[in-house]
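Remarks on the overall topology
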Amino acid sequence: MGLPVCAAEDIAAPNLTTQNKAEAAFSGELIQCAAYYQISSAAITAMNAPQMQAVGERLASSAVETLTLAKQYASETEVAAQLEATKAEQVSRMSNASDLAALMGQYKDKCKTLVAEPQQRLDYWYMATM
């Protein structure tokens, strides 16, 4: 009976590196989206435009959702550190605090798809890192 357990472990071991790489890449994308959502939500909230309140709340909710998912693939400490670094990098690309055009162009559709179909994107990373 000990032999099948060893065989199963031996079979799973080569995939561990691929799995870790795939999950790290996937988690990184989730964190990029969470940063985008947080920055966008803060900028929209700062506009103090009542008609945009629902949009700001939806973006904040999407940030929480993507961070929760990222924490399934990386530690909370890693996610928090990566999030702060990613936000700083994204903010540095903005010409001012309310200029979301560049971030929207890069992340809006990508992140919408990622949140809607996370397993599909994770599967992509498994294939890409084999």
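Residues numbered from 1 in each chain as written. Predicted model: local features only at pLDDT ≥ 70, side-chain atom pairs only at ≥ 80, totals over all residues. Heavy atoms only, no water.

Considering all chains together, one arrives at one disulfide under this definition. Covalent S-S linkage joins Cys-33 and Cys-111, the inter-sulfur distance amounting to 2.0 Å. Looking down the S-S bond of the Cys-33 and Cys-111 bridge, the torsion is -90 degrees, so its handedness is left-handed. Residue Cys-33 is located in helix α1 (residues 2–47), and its partner Cys-111 is located in helix α4 (residues 101–116); the two are separated by 78 residues in the primary sequence. When its relative accessible area of 0% is taken as the criterion, Cys-33 is described as buried. Overall, Cys-111 belongs to the buried group, its relative accessible area being 0%. (Disulfide = S-S within 2.5 Å. Helix = DSSP H or I, 4+ residues; strand = E, 2+ residues; numbered from the N terminus. Buried < 20%, exposed > 50% of the residue type's maximum accessible area, 1.4 Å probe, protein only.)

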